[in-house]
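Residue-level structural notes
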Amino acid sequence: MRSPSSAAATDRGSAPGAAPDPSGSPSPRGPLTRLGGTIGRHPLRWVLAWVLVAVASFAVAVGGVTGESLFDRLQSGAPSVDSEAQRANDVIASVEPTLSTLTLQVSGADLTDPAEVRAGAQATAAIRDIPGVAGIQSPLLAQGGPDDPSVRSLVGDGRVDSGRFATVVQFDEGLDADRQATAEADAEKALLGVADRMGAEGQVGGLGKVLDAITSTIERDLVRGEGIALPLTFVVMFFVFGGFVAAGMPIVGAVVSIGGALLSLFGFSHLLDLDATVVNIVTLLGLGLSIDYGLLTVSRFREELVAVRRHRVPDRDDVVRAAERTVATAGRTVLFSGLTVAIALSGLLVFEADIMKAIGLAGVSVVVVGMVVSVTLVPALAVLGARRLARNATVTASDTGVFSRLAHGVQRRPVLVIVGCVAVLVTLALPTLGIKLTSSGTELLPRDAQMRVFFDRLEADYPALSAPAVTVVAETADTAAVTRWAQDDLRDQPGVTGVTVRPLGDRYTLVGAQVEGEPLSQQAQDVVHHVRETRTDFPTLVTGQAAGQIDFLESMGHRAPYAVLLVVLGTFVLLFLMTGSVVVPVKALVLNVISLGAALGIVVWIFQSPHLEGLLAFSSVGAVESLVPFLVLAFGFGLSMDYEVFLLSRITEYHHQGFENDRAVSLGLQRTGRIITSAALLIVIVFAGFIAGDILIIKEMGLALVAAVVVDSTIVRMLLVPATMTLLGSWNWWAPAPLKRLHARFGISET
């Protein structure tokens, strides 16, 4: 029985002996063709323009010609949303503004020696005279000395004979950046001088120094990642193209794209707060996509050069025609691919958290830069190097080969292939069912990083200096009533080891609850839920790391359906405009969801369980960073659709030329299989820079995206896509009659 579209397929098909020629592209026409002609006639103008843009971009974003660089404007911290926890923090800050601090930890001091204590006290007291210093807390300055009960929390283990103590310096509120930096530098020097005066060892830390450590590590990781990626991708492309000139073109395009990406991030940093991790994530994404798009463009240019040239050495007209057809075909694919990635990233804009909006906006801008570079600069470079490219492009690409044979093998047993592939992907995705999420602070740094060691020691030796796991702001000045509730109810909750109660201004009372385990432990979260669900005689607001994490995930879960709807509808419409089918877009969306589940399952198995800690050089926190699943779904979906568009655009091209379904699938896989495999290998190399980094969330993102690319470019693209398209047959191209008419009028095509 023939499907509704089989007759149309037969009409388009060729009679025996007159089959369409897959090696010859139709003569395209349209705006992309005209753009390709302009590039072909004036390539040097385009190249020079992009060189100027790249130089200016790097100078502004990294060179600091405006007085500061992108890395000077980065921030760090747990993701937050407008929530109960944030409102509680706002109340506390309005009554007791948070002052920036530096903390000195001293070890090896003799606190039982009065002379040594006096020497240290004199040096400590002198810090008060530093401009910008608001106050000092130190056991050396206590009226009763280090043994005074009021400062016991600042003495290691609460014992003078431990030889350890801490000193906290607070700075004035509202200092500008220069005065703050000067005050901190002078105070740090003076604090270390205290340790020297006492013949002991001292180390200084603070939240600002943690941010500096994370930012500098990310900057180093970015340089290392690109240092790994660019040379290796050049080597791979040398073997793909068989020449240095062709291999260098996508690399040049990628470098220019990086400059544009950094400039766009620098611009966004003036509009919203950029987390330090954003730079690596979106910059390496732009690098990977630019290399993929450049690879596709140069490959298609060589193919078109063979098809149109009339002499062994192509003349000007041959080159212009090849440029027109390249931009009209490969350029169209790049635009579709870039738009699908941009749509996937735009889903992040739906979320409430500023960090998600920042990543979404920055990611979309980076994709747009890479897309424009690949459609303009790379073809211009190909035109300039046309004669060199023509030397290794002497024959038309074969219709048969490894990938066509793979397609024929899959087409013989499509059901078996589908069942086997789905079973593998579901197995890989199973660990996702037990995922636990966290928002790490200093744990993002390697275990041996100076600031992580500092805060690990601070938490172990001076727990009173750590913020309570759960903080409750009671809207009442009746401290006695709050104390009764805290002792009778809160203190009895599982895991609570102690509570403190104190007035907070004239209207509030502040309750701090210490909880066993990590600040984001399940026990801490249970305490948060209990307080929020318990009715009291006074209004309460709960904050702390656990409360912030709960609020963040609730906000993300509430907005997630809208983000998914936006991405699914946008992608469906775009693929429909490209293919004219409603079946192909639905199938692509389903396959991508399955492959992303597998990638996320791999991340959970490695980082949460954990496995491969030694090999990948990380310390597990027993959970996955809370941003990772959402970013994997956005970035991974975009990358998956990237390869989907690469393959579908070629299959659709052959289908529109009149090839029957299975033949179009076989030819499409044969012509794009090498490109997809090479592109996947290149993007894996790029994201390997993530895995080689030291920041935990970057490492998790790198492995997740590598897993997504590997799974998608092998199991999905090479096996599941041809198997499902074979099983569906001509139903692949079905659409209701009204939508068919809509596509005939508005479908995006250059042919």
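All residue numbers here refer to positions counted from 1 along the written sequence of the relevant chain. At least 70 in pLDDT is required for a residue's local features to be given in this predicted model, at least 80 for side-chain atom pairs to be given and counted, and no such filter applies to totals for whole chains, interfaces and linings, which use all residues. Only hydrogens and water are removed before side-chain values are computed, so all heavy atoms of the structure are retained for them.

Naming follows an unreviewed UniProt entry, where the protein appears as RND superfamily putative drug exporter of Terracoccus luteus. UniProt positions are given in the numbering used here, feature names are shortened, and annotations may be inferred rather than shown by experiment. Word for word, the UniProt comment on the protein under Sequence similarities (unreviewed entry) is "Belongs to the resistance-nodulation-cell division (RND) (TC 2.A.6) family. MmpL subfamily." Recorded in UniProt for the protein, the comment headed Subcellular location (unreviewed entry) runs: "Cell membrane".

**A short note on the overall build of the protein**
The helix and strand labels rest on DSSP assignments: H or I over at least four residues marks a helix, E over at least two residues marks a strand, and numbering proceeds from the N terminus. Per the secondary structure count, the protein includes 24 helices and 12 strands. Two residues form a contact once any of their heavy atoms are found within 4.5 Å. Excluding contacts between residues fewer than 6 apart, the proportion of contacts in the protein whose partners are at least 24 apart in sequence is 79%. Only the protein chains shown count as cover for residues, and all accessible areas are computed by the Shrake-Rupley method using a 1.4 Å probe. For the protein, the computed accessible surface area is about 30800 Å², with 59% contributed by carbon and sulfur atoms. The centroid of the 56 positive side-chain charges in the protein is displaced by 17 Å from the centroid of its 70 negative side-chain charges. The charge count treats Lys and Arg as positive and Asp and Glu as negative. His and the chain ends do not count. Charge coordinates come from a single atom per side chain, which is NZ of Lys, CZ of Arg, CG of Asp or CD of Glu.

**Notes on the sheet that holds strand 4 (residues 165–171)**
Sheet architecture is open: four strands sit in the order 3-4-2-5, paired in antiparallel fashion. Of all the strands in the sheet, the pair left with one neighbour each is strand 3 (133–137) and strand 5 (201–205). When the angles between neighbouring strand axes are averaged without regard to direction, this sheet yields 20 degrees. Two strands pair when backbone bridges link them, and strand 2 (residues 101–107) and strand 4 are joined in this way by six bridges, in the antiparallel orientation. Bridge pairing in strand 4 places L104 opposite T167. To define axes, lines are fitted to C-alpha atoms, for helices over the stretch in contact only, and angles between the resulting N-to-C directions are given on a 0 to 180 degree scale. Packed on one face of the sheet, helix 15 (residues 450–461) meets strand 2 and strand 5 and runs near 105 degrees to strand 5. Strand pairing requires that DSSP identify at least two bridges connecting the strands.

**Observations concerning the domain arrangement of the protein**
For the protein, the assigned domains are domain 1 (28–75 + 242–396), domain 2 (100–209) and domain 3 (457–551). For domain 1 versus domain 3, the distance between C-alpha centres works out to 52 Å. For every domain, the bounds stem from an assignment made automatically or drawn from a database.

**Description of the packing of aromatic side chains**
Note on ring pairs: Phe, Tyr and Trp rings are taken, using the six-membered ring of Trp, and paired if centres are within 6.5 Å. Classes follow the plane angle, with under 30 degrees stacked, over 60 edge-to-face and the rest tilted. Scanning all chains against the criterion turns up seven aromatic pairs. Ring plane angle 65 degrees and centroid distance 5.8 Å describe the contact between F351 and F630, whose orientation is recorded as edge-to-face. Remark: F630 occurs in helix 21 (residues 627–657) and F351 occurs in the loop between helix 10 (316–346) and helix 11 (354–384); sequence separation between them is 279 residues. Both residues of the pair, F351 and F630, belong to the buried class. Considering the side-chain rings of W731 and W734, the 6.4 Å spacing of their centres and the 50 degrees angle between planes classify their relative orientation as tilted. Each residue is placed in one exposure class: buried if its accessible area under a 1.4 Å probe, protein chains only, is under 20% of its type's maximum, exposed if it is over 50%, and partly exposed if it falls in between. Note on W734: relative accessible area 30%, which makes it partly exposed.

**Things to note about the UniProt feature "domain: Membrane transport protein MMPL" (unreviewed entry) in the protein**
The positions UniProt marks with the feature "domain: Membrane transport protein MMPL" (unreviewed entry) are residues 161–416 and 509–737. Split by type, residues 509–737 is 76% helix and 6% strand. Its first and last C-alpha atoms lie 68 Å apart.

**Here we look at the sheet that holds strand 8 (residues 470–474)**
Pairing in this open sheet of four strands is antiparallel, and the strands run 9-10-8-11 from one edge to the other. Of all the strands in the sheet, just strand 9 (496–504) and strand 11 (540–543) have a single pairing partner and so form its edges. Within this sheet the neighbouring strands show an average axis-to-axis angle of 20 degrees, counted without direction. In this structure, strand 8 lies alongside strand 10 (residues 508–515), joined through five bridges in antiparallel fashion. Considered in strand 10, the bridge of A474 is made with T509.

**Focus: a nonpolar patch on the surface**
A surface patch of nonpolar side chains, amounting to about 290 Å² of accessible area, comprises L44, L48 and L384. Here L48 lies in helix 3 (residues 43–61). Put simply, a patch holds well-exposed residues, over 30% relative accessible area, that have no salt bridge, with like charges counted together within 9 Å and Val, Leu, Ile, Met, Phe, Trp or Tyr side chains within 5 Å. By definition, a salt bridge exists where a carboxyl oxygen of Asp or Glu is found within 4 Å of a side-chain nitrogen of Lys or Arg.

**Side note on the nonpolar core**
With 175 residues, the main nonpolar core has F301, M356, L631, F635, F687 and M701 as its most contacted residues. Top contributing element to this core by residue count: helix 23 (residues 696–728), with 19 residues. Apart from residues lying up to four places away in sequence, M701 is in contact with I281, V628, L631, V632, F635 and F690. Buried Ala, Val, Leu, Ile, Met, Phe, Trp, Tyr and Cys residues that are joined via side-chain atoms within 4.5 Å together make up what is termed a nonpolar core. L104, V106, I136 and L175 belong to the second-largest nonpolar core, a separate cluster that totals 27 residues.

**Comments concerning the environment of G673**
Residue position: G673 is located in helix 22 (residues 661–691). Separated by 482 residues in the primary sequence, G673 and L191 have C-alpha atoms spaced 62 Å apart. Apart from residues no more than four positions distant in its own chain, G673 is found in contact with F403, G668 and M718.

**Points about the pattern of salt bridges**
Two side chains bearing opposite charge may form a pair once their charged atoms approach each other closely. Under the counting rule described, the total for this entry stands at 20 salt bridges. E303 serves as the salt-bridge partner of R671, at 3.4 Å between the closest nitrogen and oxygen. Remark: E303 occurs in helix 9 (residues 276–308) and R671 occurs in helix 22; sequence separation between them is 368 residues. Residue R671 is classed as buried on the basis of its relative accessible area of 8%. According to the relative accessible area criterion, E303 is buried, its value standing at 19%. Here R532 ties to D551 by a salt bridge, and the two come within 2.7 Å at their closest N and O atoms. On the criterion of sequence distance, the pair formed by R532 in helix 17 (residues 522–533) and D551 in helix 18 (residues 545–579) is long-range, its members being 19 residues apart. Put simply, R300, E303, E304, R325, R650, E653 and R671 are held in one network by salt bridges that share partners.

**Focus: the packing of helix 2 (residues 31–41) against helix 10**
At a closest axis distance of 7 Å, the pairing of helix 2 and helix 10 adopts a crossing angle of 135 degrees. The angle between the axes of helix 2 and helix 10 places the two elements in the oblique class. In the packing of helix 2 onto helix 10, the handedness of the crossing is right-handed. On the side of helix 2, the interface is formed by L32, T33, L35, G36, G37, I39, G40 and R41, while helix 10 contributes R316, V320, A323, E324, V327, A328, G331, R332 and L335. Side-chain classes are defined by residue name, with Ala, Val, Leu, Ile, Met, Phe, Trp, Tyr, Cys and Pro counting as nonpolar, Asp, Glu, Lys and Arg as charged, and the others, Gly among them, as polar. Per-class residue counts for the contact of helix 2 with helix 10 are eight nonpolar, five polar and four charged. Angular relationships are summarised with four words: roughly parallel below 35 degrees, roughly antiparallel beyond 145, roughly perpendicular across 65 to 115, and oblique for the angles in between. Crossing handedness is defined as follows: a turn of the near helix away from the far one that is anticlockwise and smaller than a right angle gives a left-handed crossing, while the clockwise case is right-handed.

**Some points on the side chain of T476**
Turning to its location among the elements, T476 is positioned in the loop between strand 8 and helix 16 (479–488). Relative accessible area serves as the criterion here: at 18%, T476 is assigned to the buried category. With near-sequence residues (within four places) excluded, T476 lies in contact with V482, R507, Y508, T509 and F538.

**Some words on helix 17**
Every α-helix carries 3.6 residues per turn, so stepping three or four residues along brings you back to the same face. One fewer than the residue count of a helix, multiplied by 1.5 Å, yields its expected span. Spanning 12 residues, helix 17 covers 16 Å between terminal C-alpha atoms, matching the ideal 16 Å at 1.5 Å per step. Considered for burial, the residues of helix 17 that qualify are A524, Q525, V527, V528 and V531. When helix 17 is viewed along its axis, its buried side chains cluster within an angular range of 155 degrees and face the same direction. Facing away from the buried side of helix 17 by more than 90 degrees, the exposed set consists of Q522 and E533. In this structure, the buried side of helix 17 is in contact with strand 8, helix 16, strand 9, strand 10, strand 11 and helix 18. When we speak of the arc, we mean the arc of directions from the helix axis to the C-beta atoms.

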